[in-house]
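# Structural overview
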Amino acid sequence: MTAHKPDSTGDTVPEGANPITPQDLSGFEIVVGICGGIAVYKVCSVVSDLVQRGAGVTCVMTKSATKFVGPLTFEALSGRKVLTSLWKPQYAYDSQHIKLTDAADVFVVAPATANIIAKTANGLADDLLSTLLTSVNCPVLFAPAMNDRMWANPAVAANVARVKKFGYHLIGPGEGWLACRTVGKGRLEEPTSIVDAIVELLPNHSKSSAR
Ligand SMILES: Cc1cc2nc3c(=O)[nH]c(=O)nc-3n(C[C@H](O)[C@H](O)[C@H](O)COP(=O)(O)O)c2cc1C
């Protein structure tokens, strides 16, 4: 039988289970890398949910991502400047890509395009997001989203297998209605499932008292 112990609310949780109260993520720092796919709008819910639970959320958008949703939306939701360029650092005295990855508890990429997966699989660092991913020091979660034929492409499949082998985490994609008005595999996982997967990857203790 599984042993149970009380969590901060007095409820019991299974021994060995992550004791973080999913409702309270205060003290945790999460970086959300946002790529250029139609599913960007769903990532607004992910950011809002994390912020409502008290997490510090820094959004990094690729140039393509900003064509779909403006940085202002993510600035309003996160309450922080959105980072879009290697060359316009928000941190004056440190290399931005090192500072940000030092602070992150979890790094999530959503929607993860075929492009960012290919870049990560090959260690390419030609913009802010891909450069951050080469210096990251915490669990990384990719939430891919793309057309079903893109997802089935053998080069994409090989890149996905490679990033998994490197130890990156993946959630989805799911099967269902795609933005190209077809049905297939390539749909971004539901925002609530992405948030649950982020919580699962957080270090196994509360930081609210530690920081
Ligand atoms: C309307 C539209 C929708 C797109 N949706 C996706 C998508 O869901 N997934 C994907 O991998 N690429 C998608 N792309 C292609 C990417 O935007 C393109 O590969 C881009 O170079 C990705 O750049 P990034 O990875 O730096 O954000 C889409 C392009 C357009 C014009």
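Fair warning: this is a prediction, and the values are worked out from it, not measured in the lab.

### What about the site of the ligand?
Close contacts around the ligand come from 16 residues, with Gly 36, Gly 37, Thr 62, Thr 113 and Asn 115 the closest. Looking at the shell around the ligand element by element, the count peaks at three residues for helix H5 (residues 114–121). By residue class, the composition of the shell around the ligand is ten nonpolar, six polar and no charged.

### Overview of the pairing of strand E5 (residues 106–112)
In terms of burial, E5 is largely enclosed, as seven of its seven residues are buried. By the bridge criterion, four bridges tie strand E3 (residues 29–34) to E5 in an arrangement that is parallel. Note on E5: the bridge partner recorded for Ile 30 is Val 106. Relative to strand E6 (residues 140–144), E5 runs parallel, the two sharing four bridges. Across the sheet, residue Val 108 finds its bridge partner in E6, namely Leu 141.

### Describing the nonpolar core
Judged by nonpolar contacts, the single largest core of 59 residues is most densely connected at Ile 30, Val 32, Ile 34, Val 108, Ala 110 and Ala 143. It is E5 that provides the largest number of residues to this core, a total of six residues.

### Observations regarding the environment of Thr 58
Its place among the elements puts Thr 58 in strand E4 (residues 56–61). We classify Thr 58 as buried; it has 22 C-beta atoms within 10 Å. Sequence-distant contacts of Thr 58, defined by excluding residues within four places in its chain, comprise Val 31, Ser 78, Arg 80, Leu 83 and Leu 100.

### Remarks on the packing of helix H1 (residues 40–52) against helix H9 (residues 191–201)
Following both chains from N to C, one finds H1 and H9 inclined at 45°, their axes separated by 9 Å at the closest point. With respect to H9, the element H1 is oriented oblique. Every pair of crossing elements has a handedness; the one defined by H1 and H9 is right-handed. Where H1 abuts H9, its residues Lys 42, Ser 45, Val 46, Asp 49 and Leu 50 lie against Pro 191, Ile 194 and Val 195. Here the residues of the contact of H1 with H9 sort into five nonpolar, one polar and two charged.

### What to know about the confidence of the model for the chain
In this model, the chain carries an average pLDDT of 87, and 82% of its residues clear a pLDDT of 70 or more. In the predicted structure, residues 1–13 sits below a pLDDT of 50 and forms 18 contacts with residues beyond four places in sequence or in another chain.

Cut-offs used in this document
- Residues numbered from 1 in each chain as written.
- Predicted model: local features only at pLDDT ≥ 70, side-chain atom pairs only at ≥ 80, totals over all residues.
- Near = placed C-beta within 6 Å.
- Helix = DSSP H or I, 4+ residues; strand = E, 2+ residues; numbered from the N terminus.
- Nonpolar A, V, L, I, M, F, W, Y, C, P; charged D, E, K, R; others polar.
- Buried ≥ 20, exposed ≤ 12 C-beta atoms within 10 Å, placed from the backbone.
- Pairing = 2+ DSSP bridges.
- Core = buried A, V, L, I, M, F, W, Y, C linked by C-beta atoms within 7 Å.
- Contact = placed C-beta atoms within 7 Å.
- Axes fitted to C-alpha atoms, helices over the stretch in contact; angles between N-to-C directions.
- Parallel < 35°, antiparallel > 145°, perpendicular 65-115°, else oblique.
- Left-handed = near helix turned anticlockwise from the far one by under 90°.
- pLDDT = per-residue confidence, 0-100.

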